[in-house]
Amino acid sequence: MSASPVIVAATAKHTATVIFLHGLGDTGHGWASAIAAIRPAYAKVICPTAPTIKVTLNSGLKMPSWFDLKSLDASGEEDEPGIKKASESVHALINAEINAGESINCVPSERIVVGGFSQGGALALYSAFTYPGQLGGVMALSCWLPLHKQFPGSIKGNRETPIIQCHGDCDPLVPYKWGQMTASYLKQYSSKVDFKTYRGLGHSSSDEEMSDLKTFVEKVLPPQ
């Protein structure tokens, strides 16, 4: 992680946390208010910002990126060391929430939801499956599963964790068929994948999608 994450505190007694990862070239500020608007009052929101690195797909120019993107081909070369390093950073964020000392702010892993958009959604999926603790849920928006050929061997946990996977059928950047392929992969390893299609939606979000995410978060992080 580079800059400090954007944190939106719970407005009631903190009993759950949502960690959300932005897409390529964005920052934690890009999603913080949208995620804060769909979370229950007792949930804290953490939106970290990716480190600024050279991105091959962007002609080697530097931008916030969780790992290098080398190609937009489903079978193209992937930045395996970068993906694994980024997932360790996500695991550290999860563990920091669980291990907040004796403070009233610590939450169990099953009260933590991890999500992301585009490259951030890809990292959220990979991080959830390679995390040994039980998470509350995963939100995967307009994304894919990185290093999918290493699955199911790479899985350390969260086969039973609810996953909401959302994709627009007019996405020009991460093609809708990638989303469909990813959903079919996930359903081989995971028992609770809900794949939602948004008609006419490009590589972005919509009110309908955010409403579905709100319903999902309220279901997987019920009041205590």
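You'll find the structure just up there.
Residues numbered from 1 in each chain as written. Predicted model: local features only at pLDDT ≥ 70, side-chain atom pairs only at ≥ 80, totals over all residues. Heavy atoms only, no water.

Even after reading the chapter, I still don't get the pairing of strand β8 (residues 163–168), so can you show me in this structure?
Within a regular strand, the side chains alternate between the two sheet faces. Summarising burial for β8: six of the six residues are buried, a large majority. Both faces of β8 are covered, namely the face carrying I163, Q165 and H167 and the face carrying I164, C166 and G168. Where strand β7 (residues 137–141) and β8 come together, four bridges link them in parallel fashion. Bridge pairing in β8 places M139 opposite I164. Alignment of β8 against strand β9 (residues 193–198), held across six bridges, turns out to be parallel. Residue pairing across strands places G168 opposite Y198, the latter belonging to β9. (Buried < 20%, exposed > 50% of the residue type's maximum accessible area, 1.4 Å probe, protein only. Helix = DSSP H or I, 4+ residues; strand = E, 2+ residues; numbered from the N terminus. Pairing = 2+ DSSP bridges.)

Quick question: what am I supposed to make of helix α2 (residues 80–98) here?
Every α-helical turn comprises 3.6 residues, leaving residues that sit three or four positions apart pointing alike. Its 19 residues give α2 an end-to-end C-alpha distance of 27 Å, which sits within 8% of 27 Å, the value for a rise of 1.5 Å per residue. Listing the buried residues of α2 in full gives G82, I83, A86, S87, V90, H91, L93, I94 and E97. Structurally, α2 contributes buried residues whose contacts are with β2 (16–21), β3 (43–47), β6 (112–117) and α3 (119–129). Capping the start of α2, D79 holds a side-chain oxygen 3.0 Å from the backbone nitrogen of G82, two or three residues further along. (Expected span 1.5 Å × (residues − 1). Contact = heavy atoms within 4.5 Å. Polar contact = N/O pair within 3.5 Å; in protein donor to acceptor, adjacent residues only side chain to side chain.)

Can you walk me through the side chain of H167 in this structure?
Inspection of the secondary structure puts H167 in strand β8. On the basis of relative accessible area, H167 is assigned to the buried category, the value being 0%. Separated by 2.7 Å, the side chain of H167 and the backbone oxygen of V174 make a polar contact. Residues within four places of H167 in sequence aside, it is in contact with S142, C143, V174, P175, Y176, G179, F195, K196, T197 and Y198.

So what exactly am I meant to see when it comes to the pattern of salt bridges here?
Pairing of side chains with opposite charge becomes possible as their charged atoms draw close. What the rule picks out here adds up to five salt bridges. Between K84 and E80 there is a salt bridge whose closest N-O contact spans 2.7 Å. Placement of the pair is K84 and E80 together in helix α2, with a separation of four residues, close to one helical turn. (Salt bridge = Lys/Arg side-chain N within 4 Å of Asp/Glu carboxyl O.)

When you look at a nonpolar patch on the surface in this model, what are you seeing that I'm missing?
The grouping of L57, L72 and L173 at the surface amounts to a nonpolar patch, some 260 Å² of accessible area in total. The class for L57 is partly exposed, based on a relative accessible area of 37%. (Patch = residues over 30% accessible without salt bridge, like charges linked within 9 Å, V, L, I, M, F, W, Y side chains within 5 Å. Areas by Shrake-Rupley, 256 points an atom, 1.4 Å probe, with all protein chains shown as cover.)

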